[in-house]
Amino acid sequence: TLKGYTAFPEKSGWVNLKDCVDNGVGGSGSIAWRQSFYKLISPLPNLICNDLYIPILATVKNGLYFIEETLHNYVEHPDPKNTGLEGRISGTTDQTERLKLGELALYQISSSYLEIMKRMIKWGVNEGAMVPILDKMISLNVEWINQRNIMESLKVQPMNFS
């Protein structure tokens, strides 16, 4: 599957936190970060999705400017041996493996939002500004719990993150 655009936003401009979180703006794209920003957020925590962590923190700290221009083509390659979870999930036909990988992805994404929240607290971000992050964390954790409940009912053990 060839993917070469981000559906949101529809034009170039600054992206607010809610839109960044709700629409995944800045993830898996052609991105550029100032060295000073990267130093500010380093070292990156383990078990996070850089595609979530970095753009959201950029939006919070100094802003995220989206350029509505196709700068690359993203090729989704379904393959159970793919290094990315998305490619591995879409590439497997084994339903047990798909359950395990889906749960692992939800864990990694939830972990990313927890680390984003910790960084926002460290930076002294206003509690009201954290609402989009909290809303996303709650919905992700509901998905994660539902996934684990299904796995538990089927006696499927989660995977290790490696």
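Structure shown above.
To start, this report covers the structure provided alongside it. (Residues numbered from 1 in each chain as written. Predicted model: local features only at pLDDT ≥ 70, side-chain atom pairs only at ≥ 80, totals over all residues. Heavy atoms only, no water.)

What follows concerns the packing of helix 3 (residues 50–61) against helix 5 (residues 95–122). Taken N-terminus to C-terminus, the directions of helix 3 and helix 5 make an angle of 25 degrees; their axes are 10 Å apart at the nearest point. Here helix 5 runs roughly parallel to helix 3, going by the angle between their axes. The two elements helix 3 and helix 5 meet at a crossing, and its hand is right-handed. Contact residues: helix 3 offers Leu52, Tyr53, Ile56, Leu57 and Val60, while helix 5 offers Ile109, Ser112, Tyr113, Glu115, Ile116, Arg119 and Met120. (Axes fitted to C-alpha atoms, helices over the stretch in contact; angles between N-to-C directions. Helix = DSSP H or I, 4+ residues; strand = E, 2+ residues; numbered from the N terminus. Parallel < 35°, antiparallel > 145°, perpendicular 65-115°, else oblique. Left-handed = near helix turned anticlockwise from the far one by under 90°. Contact = heavy atoms within 4.5 Å.)

Below, the discussion takes up the packing of helix 5 against helix 6 (residues 131–153). Across the interface, helix 5 lies against helix 6 with an axial gap of 9 Å and an inter-helix angle of 155 degrees. One finds that helix 5 runs roughly antiparallel with respect to helix 6. The handedness of the crossing between helix 5 and helix 6 comes out as left-handed. Taken together, the residues of the contact of helix 5 with helix 6 break down into 16 nonpolar, 4 polar and 6 charged. (Nonpolar A, V, L, I, M, F, W, Y, C, P; charged D, E, K, R; others polar.)

We now examine the packing of aromatic side chains. The description of an aromatic ring pair uses the distance of the two centres, along with the angle that the planes make with each other. Scanning the entire structure with this criterion turns up 3 aromatic pairs. Judged by centre distance (5.3 Å) and plane angle (80 degrees), the ring pair of Trp14 and Tyr65 falls under edge-to-face. Residue Trp14 is found in strand 2 (residues 13–15), and its partner Tyr65 is found in strand 3 (residues 64–66); the two are separated by 51 residues along the sequence. Judged by relative accessible area, Trp14 falls into the exposed class, the value being 63%. Overall, the relative accessible area of 45% leaves Tyr65 in the partly exposed class. Consider the rings of Tyr107 and Trp144, whose centres lie 5.5 Å apart with planes at 50 degrees: the pair is tilted. (Phe/Tyr/Trp six-rings, centres within 6.5 Å; stacked < 30°, edge-to-face > 60°. Buried < 20%, exposed > 50% of the residue type's maximum accessible area, 1.4 Å probe, protein only.)

In terms of nonpolar packing, the biggest core is built from 28 residues, with Ile56, Leu57, Tyr113, Ile116, Met120 and Ile133 touching the most fellow members. Taken together, the elements giving at least two residues each to this core come down to helix 1 (17–23), helix 2 (35–41), helix 3, strand 3, helix 5 and helix 6. Ranked by the residues each element gives to this core, the list is headed by helix 3, at 6 residues. Beyond its immediate chain neighbours, meaning those up to four positions away, Leu57 contacts Phe37, Ile41, Ile116, Arg119, Met120 and Trp123. Counting residues in hydrophobic clusters, the runner-up holds 5 residues, among them Leu85, Ile89, Leu101 and Ala105. (Core = buried A, V, L, I, M, F, W, Y, C linked by side-chain atoms within 4.5 Å.)

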